[in-house]
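Architecture at a glance
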Amino acid sequence: MSLHDDAVLVLKGYEGQGELRQAYLDHLAAHRDGMWKACHAGHVTASALVIEPERGRVLLTLHRKLRMWLQMGGHCEPGDASLAAAALREATEESGIAGLTLLPGGPVRLDRHPIPPPCHWHFDVQYAALAPSDAEHVVSDESLDVRWFAYDEVADVADESVLRLLDATRARL
């Protein structure tokens, strides 16, 4: 199964955000290359909010280009077997944490956001990743910083999209 086919199956099985979910499916139906950065109409990305529920905290990255605190994530790559695998790979690469596991139940949220040309949209499929209790993170080349934040500190540093993802993740726990 191709990554494109996996994304369509995942999105068809996702039960939330009906109108936005349909926009993702329409994009993939219209763009066979809609999973890849080269698709200038927009492309699907995969991200994961790294969370440690026992300590009530999340790990965010200070994105090097955007200079915003965000969840880990990014572009799909040809070696990714699935959207879930892409999200887990991105979370592991950007956090440096071995042993992350995705929260069961598939994506937690969808978030479509505009990006600068030549592309126009990121169709982000957002997961949550559980960190082991002894997790030690590192700062990757894509980040200016990586830091744990208590749930109630996230509103002070991150935008509404991260807050919505945190709320949806906490509701699923």
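Note: the structure precedes this text.
Please read all numbers here as calculations on a predicted model, not as lab measurements. (Residues numbered from 1 in each chain as written. Predicted model: local features only at pLDDT ≥ 70, side-chain atom pairs only at ≥ 80, totals over all residues. Heavy atoms only, no water.)

1. Notes on unusual backbone geometry
- Even without a glycine there, the phi angle at Q17 is positive, about 50 degrees.
- Take Q17: it is sitting in the loop between α1 (3-13) and α2 (18-30).
- In this structure Q17 comes out as partly exposed when scored by relative accessible area, which is 23%.
- The phi dihedral of R67 falls on the positive side, at around 55 degrees, and the residue is not glycine.
- Examined against the element boundaries, R67 turns out to sit in the loop between β2 (57-63) and β3 (69-70).
- Exposure remark for R67: the relative accessible area of 59% places this residue in the exposed category. (Helix = DSSP H or I, 4+ residues; strand = E, 2+ residues; numbered from the N terminus. Buried < 20%, exposed > 50% of the residue type's maximum accessible area, 1.4 Å probe, protein only.)

2. Points about the environment of P107
- Along the chain, the position of P107 falls in the loop between β5 (101-102) and β6 (109-114).
- When the C-alpha positions of P107 and V10 are compared, they lie 8.0 Å apart, and in sequence the two are 97 residues distant.
- With residues up to four places along the chain from it excluded, the contact list for P107 reads V10, Y14, V125, Q126, Y127 and R172. (Contact = heavy atoms within 4.5 Å.)

3. So, the nonpolar core
- Core analysis: the largest hydrophobic core is formed by 31 residues, its most contacted members being M35, V50, L83 and V125.
- When contributions to this core are tallied by element, the ones reaching two or more residues are α1, α2, β1 (43-52), α3 (83-95), β7 (121-130) and β8 (143-150).
- Discounting residues that sit within four places of it in the chain, M35 has contacts with L3, H4, A7, L28, H43, V44, C76 and L83. (Core = buried A, V, L, I, M, F, W, Y, C linked by side-chain atoms within 4.5 Å.)

4. Overview of the side chain of S82
- Here S82 shows up in the loop between β4 (72-75) and α3.
- A residue is classified by how much of its surface remains accessible, and S82, at 17% relative accessible area, is buried.
- A polar contact of 3.0 Å, which involves the side chain of S82, links it to the backbone nitrogen of A85. (Polar contact = N/O pair within 3.5 Å; in protein donor to acceptor, adjacent residues only side chain to side chain.)

5. Some words on the packing of aromatic side chains
- The full count for this structure, using the stated rule, is 2 aromatic pairs.
- Summarising the aromatic geometry, the rings of Y24 and F123 are spaced 5.1 Å apart at their centres and angled 85 degrees between planes, so their arrangement reads as edge-to-face. Residue Y24 is found in helix α2, and its partner F123 is found in strand β7; the two are separated by 99 residues along the sequence.
- Residue Y24 is classed as buried on the basis of its relative accessible area, which comes to 0%.
- Taking the relative accessible area as the measure of exposure, F123 reaches 5% and is therefore buried.
- Their ring planes at 80 degrees and their centres at 5.0 Å tell us that W69 and F149 sit as a pair that is edge-to-face. Residue W69 is located in strand β3, and its partner F149 is located in strand β8; the two are separated by 80 residues in the primary sequence. Here W69 and F149 have matching classes, each one buried.
- In this arrangement the basic side chain of R57 is found over the ring face of W148, its NZ or CZ atom lying 4.1 Å from the centre. (Phe/Tyr/Trp six-rings, centres within 6.5 Å; stacked < 30°, edge-to-face > 60°. Lys NZ or Arg CZ within 6 Å of the ring centre and 35° of its normal.)

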